[in-house]
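# Inside the fold
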Amino acid sequence: MLGNRNLNWTASAKTLYHLTGRLLATATIGAIGHGRKEVTPDLLADFAILLGIHAHDLGALTGIDPPDQTPPQNPAAADVAELIWDIRSLTAAQVQHISDKAKNLQQN
């Protein structure tokens, strides 16, 4: 699902950290993706935030029960997940162009 959003291991780790505070190594993201690391209920909840999917829906897809208490969601998480989904079809050069424009707007 991360690949469908053009999130490689590094981008997934960085975005997961910024949205949830969970710090995972890029290799750990890869191990999860390849099924070599177990997904815990807490990880499921964090990945649900990253993917913009309700934890119970992701749990139904994976067969993993989400935790009883999900962590408080970063207010920007839904917007970031939607943005990631919306730009998935852009080329790297197009994404870089948008990023550069955004940085220029912040400086002005």
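Shown above is the structure to which this text applies.
Numbering of residues begins from 1 in every chain and follows the order in which that chain's sequence is written. Under the rules for a predicted model, residues below a pLDDT of 70 receive no local features and side-chain atom pairs below 80 are neither given nor counted, while totals for whole chains, interfaces and linings still include all residues. Each side-chain value is derived from all of the structure's non-hydrogen atoms; neither hydrogens nor water enter the calculation.

## Some points on the overall build of the protein
Condition: To qualify as a helix, a DSSP run of H or I must reach at least 4 residues; to qualify as a strand, a run of E must reach at least 2; elements of each kind are numbered from the N terminus. Working definition: with a 1.4 Å probe on protein chains only, accessible area under 20% of the residue-type maximum means buried, over 50% means exposed, and in between means partly exposed. Only heavy atoms matter for contacts: two residues are in contact if any of them lie within 4.5 Å across the pair. Per-residue and other accessible areas were derived by the Shrake-Rupley procedure at a 1.4 Å probe size, with only the shown protein chains allowed to occlude residues.
Across its full length, the protein carries 6 helices and 0 strands. Ordered by position from N to C terminus, the α and β elements of the protein give α-α-α-α-α-α. Scored against the burial criterion, the 108 residues of the protein give a buried share of 30%. Across the protein, contacts joining residues at least 24 apart in sequence account for 52% of those joining residues at least 6 apart. Here the protein has roughly 7,200 Å² of accessible surface; of this, 53% comes from carbon and sulfur atoms.

## Some thoughts on the nonpolar core
Note the cut-off: Joining through side-chain atoms within 4.5 Å is the link that ties buried Ala, Val, Leu, Ile, Met, Phe, Trp, Tyr and Cys residues into a set, and such a set is a nonpolar core.
Grouped together as the largest cluster of nonpolar side chains are 21 residues, with contacts concentrated most on Leu2, Leu16, Leu24, Ile29, Phe47, Leu50 and Leu58. Secondary structure elements with two or more residues in this core: helix H1 (9–20), helix H2 (26–33), helix H3 (41–51), helix H4 (55–62) and helix H5 (77–86). Looking at this core element by element, the count peaks at 7 residues for H3. When neighbours within four sequence positions are excluded, Ile29 is seen to be in contact with Leu2, Trp9, Ser12, Ala13, Leu16, Leu24 and Phe47.

## Quick word on the packing of H1 against H2
Put simply, the rule reads: Helix axes are fitted only over the stretch in contact, all axes being lines through C-alpha atoms; the angle between N-to-C directions runs from 0 to 180 degrees. Between 65 and 115 degrees an angle is taken as roughly perpendicular, under 35 as roughly parallel, over 145 as roughly antiparallel, and anywhere else as oblique. Amino acids are sorted into nonpolar (Ala, Val, Leu, Ile, Met, Phe, Trp, Tyr, Cys and Pro), charged (Asp, Glu, Lys and Arg) and polar (every other residue, Gly among them).
Remark: H1 packs on H2, axes separated minimally by 8 Å, with the N-to-C direction vectors making an angle of 105°. Judged by the angle between their axes, H1 and H2 are roughly perpendicular. Taken together, the residues of H2 that come into contact with H1 (itself represented by Trp9, Thr10, Ser12, Ala13 and Leu16) are Thr26, Ile29 and Gly30. Looking at side-chain class alone, the contact of H1 with H2 contains 4 nonpolar, 4 polar and no charged residues.

## So, unusual backbone geometry
Positive phi, normally seen in glycine, also occurs at Asn6, with a value near 60°. Along the chain, Asn6 turns up in the segment before H1. Using a relative accessible area of 48% as the deciding quantity, one classes Asn6 as partly exposed.

## Here we look at the side chain of Arg5
Quick reminder of the rule: Residues counted as positive are Lys and Arg, residues counted as negative are Asp and Glu, and His and the chain ends are not counted. Salt bridges are defined as contacts in which a side-chain nitrogen from Lys or Arg sits within 4 Å of a carboxyl oxygen from Asp or Glu. Think of a polar contact as two N or O atoms within 3.5 Å of one another; within protein, one of them needs to be a possible hydrogen donor and the other a possible acceptor, and neighboring residues in sequence only count if both atoms come from side chains.
Looking at where Arg5 falls in the secondary structure, it is placed in the segment before H1. Buried and unpaired, Arg5 has no salt bridge, with Asp86 as the nearest side chain of opposite charge at 9.7 Å. Within polar-contact distance, the side chain of Arg5 engages the backbone oxygen of Met1 at 2.9 Å. Apart from residues no more than four positions distant in its own chain, Arg5 is found in contact with Leu51, Ile53, Ile84, Trp85 and Arg88.

## Considerations on the pattern of salt bridges
Applying the stated criterion to the full structure yields 1 salt bridge. Note that Asp46 and Arg22 form a salt bridge whose closest N and O atoms lie 2.4 Å from each other. Of this pair, Asp46 sits in helix H3 while Arg22 sits in the loop between H1 and H2; the two residues are 24 residues apart in sequence, bridging distant segments of the chain. Given a relative accessible area of 25%, Arg22 falls into the partly exposed group.

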